[in-house]
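A closer look at the structure
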Amino acid sequence: MHIDVVTIFPAMVEHALRAGVVGRAIERGTLAVKVHDLRAFTTDRHHVVDDVPYGGGPGMVLKPEPILRALAEITGGVEPRPRVLLTSPQGTQFTQNVATRLSRDARLVIVCGRYEGVDDRVRGLVDEEISIGDYVLSGGELPALVIVDSVARHVPGVVGDEQSVAEDSFSRGLLDFPHYTRPAELMMDERLPANGAAALRVPDVLLSGNHAEIRHWRKREAISRTLQRRPDLLASADLDDEEREILRQLTAGKLE
Ligand code: SAH
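Reference entry: report on the structure contained in this document. Residues take numbers from 1 onward in each chain, read along the sequence in its written order. Only residues with pLDDT of 70 or above have their local features reported here, since the model is predicted, and side-chain atom pairs are shown and tallied only from 80 upward, although totals for entire chains, interfaces and linings are computed over all residues. For side-chain calculations, the full set of non-hydrogen atoms in the structure is used, while hydrogens and water are omitted.

1. With respect to the site of the ligand
Here a residue counts as near a molecule or strand whenever at least one of its heavy atoms sits within 4 Å of it. As a matter of local geometry, the ligand sits amid 20 residues, with T87, Q90, G113, Y135 and L137 nearest to it. Two N or O atoms count as a polar contact when they lie within 3.5 Å, although within protein this holds only if one can serve as hydrogen donor and the other as acceptor, and sequence-adjacent residues are included solely when both atoms are side-chain atoms. One nitrogen or oxygen atom from the side chain of Q90 is found 2.9 Å from an oxygen atom belonging to the ligand. Within the contact set of the ligand, a nitrogen atom lies 3.1 Å away from a backbone nitrogen or oxygen of I132. For the accessible areas, the method is Shrake-Rupley and the probe is 1.4 Å, while residue cover comes only from the protein chains on display. Coverage of the ligand by the protein chains reaches 86% of its 560 Å² of free accessible surface. Contributing elements (two or more residues each) for the shell around the ligand: β5 (83-93) and β7 (128-131). Going along the chain from the N terminus, every DSSP run of H or I of four or more residues is numbered as a helix, and every run of E of two or more is numbered as a strand.

Written as structure tokens, this is what we have:
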């Protein structure tokens, strides 16, 4: 998969992409991310990318021409045509389903807004506007990184173990089950507030070596967590027979 990001702060995006799973995927060539400096698509001597808003008011607006030039250059002659995304708090809410859908495109272009936003005429040239949530950020760089990171996780070979992506929260409409590592018994520092001694021991079933029981326990935990924290997700969750039975028992109050 190939993703182009257009921004006035390329270093901010490039730096963040070097770490972790995404950084390794880029090194291996499983994922290619090219970050373009919007100023490179200006034609004036001072590389101006913003201007005052028509109609007055505070703040500046990203000029349309550099963005149009960037899109023409990046998408020109590329088949199939890349999907062009504009980051915007007014866009479609970004979810795990949107990430999965976008990961099926061979190429994406992500445009990062700044200031008061981009000249509204740019909207006519993009395929989709994407919001990462109902809050306003100072620029589209963090949203672009959120999109790249979560879309990349669905690209085969990016996350080493595809099973882990399938089990991640939201993948099937369920939250993930809880994870533990060593030690099995955690000595609490008495300076820290403990919220229940039971929380200090790893659940016995995980130490039992009984894989069938572990699998069942994890399903039950995922369902009971979803029921407690995000019951709204269950309406469209993709459950198997065993999970449906667990949910039925949990809602009937038979299991704790
Ligand atoms: N005045 C605009 C917000 C501009 S914020 C409005 O109220 O709609 C500047 C830029 O940051 C936006 O153009 C967009 O690219 C980005 N941005 C801010 N919040 C965002 C969010 N929640 N999701 C995606 N992009 C966002």
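2. Some details on the layout of surface pockets
What the largest pocket holds in volume is close to 480 Å³. Together, 26 residues line the largest pocket, and T87, S88, P89, E116 and G117 are the ones closest to its centre. Secondary structure elements with two or more residues in the lining of the largest pocket: β5 and β7. Counting residues per element, the lining of the largest pocket draws most heavily on β5, at five residues. For the lining of the largest pocket, the residue count by class is 10 nonpolar, 10 polar and six charged. Think of a 1 Å grid over just the protein atoms. A cavity is a set of points where a 1.4 Å probe fits yet cannot get out, a pocket is an open set with protein on both sides within 12 Å along at least five of seven lines, and lining residues have an atom within 4 Å of a point. Grid points are joined across faces, edges and corners, and a volume is the space filled by probe spheres set on the points. Gly falls in the polar group here, along with every residue not listed as nonpolar (Ala, Val, Leu, Ile, Met, Phe, Trp, Tyr, Cys, Pro) or charged (Asp, Glu, Lys, Arg).

3. Quick notes on a nonpolar patch on the surface
A surface patch of nonpolar side chains, about 440 Å² in accessible area, is lined by F9, M12, Y135, L137 and L142. Looking at where L142 falls in the secondary structure, it is placed in helix α5 (residues 141-152). Patch definition: residues with relative accessible area over 30% and no salt bridge; like charges joined within 9 Å; nonpolar side chains (Val, Leu, Ile, Met, Phe, Trp, Tyr) joined within 5 Å. For this analysis, a salt bridge means a side-chain nitrogen from Lys or Arg found within 4 Å of a carboxyl oxygen belonging to Asp or Glu.

4. A few points about the nonpolar core
Joining through side-chain atoms within 4.5 Å is the link that ties buried Ala, Val, Leu, Ile, Met, Phe, Trp, Tyr and Cys residues into a set, and such a set is a nonpolar core. Buried, partly exposed and exposed residues are distinguished by accessible area as a fraction of the type maximum, computed with a 1.4 Å probe on protein chains only: under 20%, between the cut-offs, and over 50%, respectively. Core analysis: the biggest nonpolar cluster contains 28 residues, and I3 and F94 have the highest contact counts within it. Going through the elements one at a time, β1 (2-7), α2 (20-28), β2 (32-37), α4 (96-102), β6 (107-111) and α5 are the ones with two or more residues in this core. For this core, the leading source of residues is α5, giving six residues. Core analysis: the next-biggest nonpolar cluster, separate from the first, contains 17 residues, L62, V84, V111 and V126 among them.

5. Topic: helix α3 (residues 64-75)
Side chains that are three or four residues apart share a direction in an α-helix, a result of its 3.6 residues per turn. With 12 residues, α3 should cover 16 Å at 1.5 Å per step; its first-to-last C-alpha distance of 16 Å lies within 8% of that length. Taken residue by residue, α3 has P64, P66, I67, A70, L71, I74 and T75 as its buried positions. The arc that holds the buried residues of α3, viewed along the axis, is 170°, so those residues lie on one side. Within α3, the exposed residues directed more than 90 degrees away from the buried face are A72 and E73. Take the residue count of a helix, subtract one, and multiply by 1.5 Å to get its expected span. Directions pointing from the helix axis toward each C-beta atom define the arc.

6. Here's the deal with the sheet that holds β2
If you trace the five strands from one edge of the open sheet to the other, you get β2-β1-β6-β5-β7, paired in parallel fashion. Two strands lie at the open edges of the sheet, namely β2 and β7, each paired on one side alone. With strand direction ignored, the average angle separating the axes of adjacent strands in the sheet is 30°. We call two residues contacting when some pair of their heavy atoms lies within 4.5 Å. Axis angles are defined between N-to-C directions and span 0 to 180 degrees, where every axis is a line fitted to C-alpha atoms and, for a helix, only to the segment in contact. α3 contacts β1, β2, β5 and β6 of the sheet and is inclined by roughly 170° relative to β6. Any two strands between which DSSP finds at least two bridges are classified as paired.

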